[in-house]
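These are the residues of each chain, in order.
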Amino acid sequence: MKQFGGKILFLDRSDINTDEIIPARYLTENTKLALQPYILEDLKLGGFTPAQDIEGKGVIVTRANFGCGSSREHAVWVFEVNDINVVIAESFARIFRQNMYNCGMLAIELPKKDLDTLFSLGGEVEISIDLAANTLTARGDKAATFVFKLNDFDKKLVEAGGWLAYADKNY
Amino acid sequence: MGKTIAEKIFAAHLRDTPSPENVILDIDVVMCHEITTPIAITDLEARGMDRVFNPRRIKAVIDHVTPAKNSKTATQGKILRDWARRHKIRDFFDIGANGVCHAIFPEKGFIRPGYTVIMGDSHTCTHGAFGAFAAGVGTTDLEVGILKGVCSFRTPETIRINISGSLKDGVSAKDVILFIIKELTVNGATDKVIEFVGPVVETMSMEARMTLCNMAIEAGATCGICLPDRVTADYLWPFINDKYETVDQAVKDFAKWHSDPDAVYVKELSLDVSKLNPQVTFGYKPDEVKSVSEMEGTPVDQIYIGSCTNGRIEDLRSAARVLKGRKIAPTVRGILSPATPKVYSQALEEGIIAIFMEAGFCVTNPTCGACLGMSNGVLAEGEICASTTNRNFNGRMGKGGIIHLMSPLTAAATAVRGHITDPRKLL
């Protein structure tokens, strides 16, 4: 199972699509690692400098409908190879969410009011996740703990290390 | 309690229920292209699991970048090609026989009512036009599909959209779906199936139904779906005439998939399209849609006609209606990518290619082409494209480029005038 938690990269916008996360011009790469430098290259978000802002982050916190558009799993891999294994959002596009769990990573949904709280903690915010208790604790200038729901099957995928391992064992 | 068509297909393919919200389905057709499949193939090889569940149920095509543009894309093609040969995947379409996946696979009769279909491509929802459950998936889902012939889904809820009235001349399925996406918004159908029903859908050709279902994903839907009927049976007849004695018999059999009258929907919408005008997107999201009159006069640099949304013969015919005997404006460049070799040949025979070329269009081989800025037709920073494709995302057709989505008719009229134009002025 992967390690979950770390410093937060806040992306305060809804409908961030997979073309913004990893543009199609990089889909010609044949290894996941080769995607690393291109993370969020086309993100339309004022004041965001990908290479600089990604440094040392382990969790993305964003708004609604994250990962919409293309089915490219490259959008998950580019996070994985940048050591980001958790995305927390108000909602996800179906394929992106499934791709995260299929890779044994966490796509956690929180209600808008909890996200508003997360966004307002201030300072450099770090998150720790307790998968057994379904809670996450964020510590910045202020601290807060949230309860999240994890679908039983999604949890099994995370524990198995992804869908391929789970499917190979069960089907 | 009655069932929707999606629920019937799920029930007929149920392999497992790992949690109350999730199901594992047996998959009838696993489709592959050279962008999302190679990493699945190399991963299976690395794990010592280079197997396929059933070579007859796997279809593959090189379509996104073809002919290869550099060593990397040549390698992607080679990985797919070598794998298809190694596993005796008979339905593999390489250069000379290849076309856009969501156009060529239906054309070959691979998709049938009641099927489950997956592909590592979000526009797989197109195939719901045949009364199939067809969903775009990521590479890991594809990998498991190739290996095991199964895929996981959440139990589907369905939004039913009843489309009534009659479309005015100059207004097409593309305008209908753009309007629907505007109404639903880009995540209005997330985790849902959209069932398109009503008199307008019933009179639509398979090509138009594919355009409708193709963009269901732009509202977040897992699949768009139409009820299989006589139009479906007529289209599929060359492929199913060994199974049924008459088209009538096929139509009757297909009806078993139809949603029950007491099926339960999460949402029902009614749309009378009699007053609908041509629709055009603005901004960077496919739900940012206006009537063409509000966008009229917006200058463009490039016109692109093609893709899995609108690169089929009917689309080319409708654009040719506007282009016939006219020239595109000197300030624009026009690119046509017929979606498949069959579409291309048919357009040649019908004199449509000549019309495009005389108007000043460049005609490319069948490919996904400019749609996602991976091969040809890439925009320069700040350039604007009037496009019959499905996504106007920031940078999709080239970094800093801007895309306005529209129907082939509107794109052709825009090409002639050099700025966004209501096609009805040129009919």
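All figures in this text were calculated on a predicted structure; none of them were measured in a lab.

Some details on the interface of chain B and chain A
Thought 1: On the side of chain A, 38 residues touch chain B, which itself brings 46 residues to the contact.
Thought 2: Secondary-structure elements contributing two or more residues to the side of chain B that touches chain A are β1 (14-19), β2 (22-26), α2 (38-46), α3 (71-86), α5 (139-148) and β8 (150-154) of chain B.
Thought 3: No other element matches the six residues that α5 of chain B contributes to the side of chain B that touches chain A.
Thought 4: Tallied by class, residues from the side of chain B that touches chain A come to 13 nonpolar, 21 polar and twelve charged.

With respect to the sheet that holds strand β2 (residues 57-62) of chain A
All names here are of chain A.
Thought 1: If you trace the seven strands from one edge of the open sheet to the other, you get β4-β3-β2-β1-β5-β6-β7, paired in mixed fashion. The open sheet has two free edges, formed respectively by β4 (106-109) and β7 (143-147), since each of these has just one partner strand. For this sheet, the mean angle separating the axes of adjacent strands, direction not counted, is 30 degrees.
Thought 2: Note: strand β3 (residues 86-89) against β4, four bridges, orientation parallel. Of the residues in β4, the one forming a bridge with Val86 is Leu106.

Quick notes on the domain arrangement of chain B
All names here are of chain B.
Thought 1: Each domain of chain B was delimited in the assignment, giving domain 1 (5-270) and domain 2 (281-426).
Thought 2: Taken together, the 33 residues of domain 1 in the interface contact 30 residues of domain 2.
Thought 3: Residue assignment for the side of domain 1 that touches domain 2 shows that the elements contributing at least two residues are α4 (101-107), α6 (173-184) and α8 (206-214).
Thought 4: Sorting elements by how many residues they give to the side of domain 1 that touches domain 2 places α6 first, with six residues.
Thought 5: Looking at the side of domain 1 that touches domain 2 residue by residue, the classes come out as twelve nonpolar, 13 polar and eight charged.

Let's talk about the pairing of strand β11 (residues 223-226) of chain B
All names here are of chain B.
Thought 1: Burial along β11 is two-sided: the face carrying Cys223 and Ile225 and the face carrying Gly224 and Cys226 are both buried.
Thought 2: As defined by bridge partners, strand β10 (residues 192-197) adjoins β11 across four bridges and the pair is classed as parallel. What sits directly across from Ile194, in β11, is Gly224.

Some points on helix α13 (residues 313-323) of chain B
All names here are of chain B.
Thought 1: Most of α13 is tucked away, with eight of its eleven residues classed as buried.
Thought 2: Those residues of α13 lying buried are Ile313, Asp315, Leu316, Ser318, Ala319, Ala320, Val322 and Leu323.
Thought 3: Check the buried side of α13 and you find it contacts α8, β15 (302-306), α12 (307-310), α14 (341-349), α15 (352-359) and α16 (408-417).
Thought 4: Just beyond α13, the residue with positive phi is Gly325, at close to 75 degrees.

As for the packing of α2 of chain B against α3 of chain B
Residue and element names in this part refer to chain B.
Thought 1: At a closest axis distance of 9 Å, the pairing of α2 and α3 adopts a crossing angle of 60 degrees. Taken together, α2 and α3 sit at an angle that is classed as oblique. Handedness of the crossing formed by α2 with α3: left-handed. Along its contact with α2, which presents Pro38, Ile41 and Thr42, the element α3 presents Gln76, Ile79, Leu80 and Trp83.

With respect to the sheet that holds β15 of chain B
Residues and elements named next belong to chain B.
Thought 1: A sheet is described by the order of its strands in space; here five strands give the open sequence β17-β16-β15-β18-β19, paired in parallel fashion. Whereas interior strands pair on both sides, the edge strands pair on one side only; in this sheet they are β17 (361-363) and β19 (402-405). Adjacent strand axes in the sheet meet at a mean angle of 25 degrees when their direction is disregarded.
Thought 2: In this sheet, strand β16 (residues 333-337) lies alongside β15 in parallel orientation, the contact comprising five bridges. Within β16, the position partnered with Ile303 by the bridge is Gly334.
Thought 3: Along the sheet, α16 contacts β15, β16 and β18 (384-387); its crossing angle with β15, the most-contacted strand, is approximately 150 degrees.

A short note on α15 of chain B
Residues and elements named next belong to chain B.
Thought 1: Turning to α15, its buried residues number three or more, namely Ile352, Ile353, Ile355, Phe356 and Ala359. Projected down its long axis, α15 carries its buried residues within an arc of 160 degrees, all on one side.
Thought 2: Of the surrounding secondary structure, the elements contacted by the buried residues of α15 are α13, β16, α14 and β17.

About the criteria used
Residues numbered from 1 in each chain as written. Chains lettered and ligands numbered in written order. Predicted model: local features only at pLDDT ≥ 70, side-chain atom pairs only at ≥ 80, totals over all residues. Contact = placed C-beta atoms within 7 Å. Helix = DSSP H or I, 4+ residues; strand = E, 2+ residues; numbered from the N terminus. Nonpolar A, V, L, I, M, F, W, Y, C, P; charged D, E, K, R; others polar. Pairing = 2+ DSSP bridges. Axes fitted to C-alpha atoms, helices over the stretch in contact; angles between N-to-C directions. Domains from an automatic or database assignment. Buried ≥ 20, exposed ≤ 12 C-beta atoms within 10 Å, placed from the backbone. Parallel < 35°, antiparallel > 145°, perpendicular 65-115°, else oblique. Left-handed = near helix turned anticlockwise from the far one by under 90°. Arc of directions from axis to C-beta.

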